[in-house]
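Survey of secondary and tertiary structure
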Amino acid sequence: MKIRISITTFLFMLMAFISCKKEIYSFGSLQAPSGLGLNAVVSGADSNNPNGSGSGEVTISITAANAIKYKIDFGDGTSQIVPTGNVVYKYSTPGTNVYTITVNAIGTGGSISTITKEVTVFTAFTIPTDIVQDLTNGSSQVWITDAGAVGHVGVGPAGTFSPDYYAATPNSRAACQYDDEITFSKDANGNISMSINNMGQSFLIAASTSFYGQSGGDGCYTVTLSGAKQLTFMNATSGSTSAVSTGIQFMVPGNGLINFGTGGNTYEILAITPTTLYLRNIGIDGNAWYQKLKVK
């Protein structure tokens, strides 16, 4: 009986010893990825469009030895883990932006090699089709000041969306504000450009005259406006609501002048129909300026 108990105890202790023995695992040698290379090609980039045609797509190609996967930070707040070194990524922020692409090539045991590359990408904003149609009539359309409308020129505080300070009565402004012809045109890629014939002079508010290389108060000044300017459209940044605005704005390159100069270059489309256009612009004086146009 005593012998049986002792053998049982011995066997129990032996089993406990075996069960407590740790497993030993082998991961093999740790190899950090080597020869890491990164190439990024912007879709549609050529000598005329060095930052791409506007799709926002970039083809990313990564090469490395001993890499089992890649973590890509696209530089716009988005990252992705991919098993191979080839991926096409679409940037969505409108306009021309510079992004830093960072790639972590991951090897065995979590070893990492890193490479970065800067890429400049133009992403075209998708302009609502009704605004494209109304502005350009499908191809090209000429606009003039709606001189007979109340508030065809107006000004108010930047915090509201109406000309609370002043709204012009019909045909009450300087003659140079009434002879400008503003042409909006659409190209084959859906881009919209604008050209202006100001008949040699444009009206400038007093606060903006030095911005246009002039001096003096409110009045008509000789301002050269030549050539078509491609407009950059985007969602409005004013905080407006659908009750007072279309929610779309555009930027005019160069001096930014449309019809009359305020020193600003960004115009929010408050309202548009096939024959009327109502714009809001923050001037260099900090006020909101308004203008009403109509089809010629």
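Scroll up for the structure.
Residues numbered from 1 in each chain as written. Predicted model: local features only at pLDDT ≥ 70, side-chain atom pairs only at ≥ 80, totals over all residues. Heavy atoms only, no water.

**Things to note about the overall build of the chain**
Within the chain one finds 2 helices and 21 strands. Whereas a compact globule of 296 residues would reach a radius of gyration of roughly 19 Å, the chain reaches 32 Å, over 25% beyond that. Dimensions of the chain along its principal axes, counting C-alpha atoms only, are 120 × 45 × 35 Å. With 296 residues in all, the chain has 37% of them scored as buried. For the chain, restricting intrachain contacts to residue pairs at least 6 apart in sequence, the fraction spanning at least 24 positions comes to 54%. Put simply, the chain shows about 15,600 Å² of open surface, and 55% of that area lies on carbon and sulfur atoms. For the chain, the distance from the average position of its 15 positive side-chain charges to the average position of its 17 negative side-chain charges is 22 Å. (Helix = DSSP H or I, 4+ residues; strand = E, 2+ residues; numbered from the N terminus. Rg over C-alpha atoms; globule rule 2.2 N^0.38 Å. Buried < 20%, exposed > 50% of the residue type's maximum accessible area, 1.4 Å probe, protein only. Contact = heavy atoms within 4.5 Å. Areas by Shrake-Rupley, 256 points an atom, 1.4 Å probe, with all protein chains shown as cover. Lys, Arg positive; Asp, Glu negative; His and termini not counted. Charge placed at Lys NZ, Arg CZ, Asp CG, Glu CD.)

**With respect to the sheet that holds strand β3 (residues 69-73)**
Strand order in the open sheet made by the 4 strands is β4-β3-β6-β7, with antiparallel pairing throughout. Edge positions in the sheet fall to β4 (79-82) and β7 (112-123), since each of these pairs with one other strand and no more. This sheet shows a mean twist of 20° between the axes of neighbouring strands, independent of strand direction. With 12 bridges joining them, strand β6 (residues 95-106) and β7 adopt antiparallel strand pairing. Bridge assignment links Gly95 to a residue of β7, and that residue is Thr123. (Pairing = 2+ DSSP bridges. Axes fitted to C-alpha atoms, helices over the stretch in contact; angles between N-to-C directions.)

**Examining the state of the cysteines**
Think of a disulfide as a covalent bridge from one cysteine sulfur atom to another cysteine sulfur atom. For the coordinates displayed, the defined rule picks out 1 disulfide. Each sulfur of the disulfide joining Cys176 and Cys220 lies 2.1 Å from the other. When the S-S torsion is -90°, as for the bridge of Cys176 with Cys220, the disulfide is left-handed. Placement of Cys176 in the loop between β10 (166-167) and β11 (181-186) and of Cys220 in strand β14 (residues 219-222) is noted, with a sequence separation of 44 residues between them. (Disulfide = S-S within 2.5 Å.)

**Here we look at the environment of Val82**
Relative to the assigned elements, Val82 resides in strand β4. Exposure remark for Val82: the relative accessible area of 8% places this residue in the buried category. In this structure, Val82 is in contact with Lys69, Tyr70 and Ile72, ignoring residues within four places of it in sequence.

**A closer look at helix α2 (residues 129-136)**
Looking at α2, one finds that the buried residues are Ile131, Val132, Asp134, Leu135 and Thr136. Of the residues trailing α2, Asn137 is marked for its positive phi of about 55°.

**Considerations on the sheet that holds strand β13 (residues 201-204)**
With mixed pairing, the 3 strands of this open sheet are ordered in space as β14-β13-β18. Both edges of this open sheet fall to β14 and β18 (260-261), since each of them pairs with a single strand only.

**Remarks on unusual backbone geometry**
At Asn137, a position not held by glycine, the phi torsion is positive, near 55°. Within the secondary structure, Asn137 sits in the loop between α2 and β8 (140-145). Here Asn171, not a glycine, exhibits a phi torsion of approximately 55°, which is positive. If you trace the backbone, Asn171 turns up in the loop between β10 and β11. Residue classification places Asn171 among the exposed residues on the basis of a relative accessible area of 55%.

**Some words on the packing of aromatic side chains**
This model, assessed by the stated rule, comprises 9 aromatic pairs. Aromatic pair Phe184 and Phe250: ring centres 6.3 Å apart, planes at 80°, arrangement edge-to-face. In this pair, Phe184 is assigned in strand β11 and Phe250 in strand β17 (residues 248-251), connecting sequence segments 66 residues apart. With respect to class, Phe184 is no different from Phe250; both count as buried. By the ring-pair criterion, three or more aromatic residues cluster together here, those being Phe74, Tyr89, Tyr91 and Tyr99. The ring of Phe203 is capped by Arg173, whose NZ or CZ atom sits 5.0 Å from the centre of that ring. The aromatic ring of Phe161 is capped on one face by Arg280, whose charged end is 4.2 Å from the ring centroid. (Phe/Tyr/Trp six-rings, centres within 6.5 Å; stacked < 30°, edge-to-face > 60°. Lys NZ or Arg CZ within 6 Å of the ring centre and 35° of its normal.)

**Re the pattern of salt bridges**
All chains considered together, the criterion is met by 1 salt bridge. For the salt bridge of Lys296 with Glu181, the shortest nitrogen-to-oxygen distance reads 2.3 Å. Within this pair, whereas Lys296 is found in the segment after β21 (288-295), its partner Glu181 is found in strand β11, the two being separated by 115 residues in sequence. The exposure class assigned to Lys296 is exposed, which follows from its relative accessible area of 59%. (Salt bridge = Lys/Arg side-chain N within 4 Å of Asp/Glu carboxyl O.)

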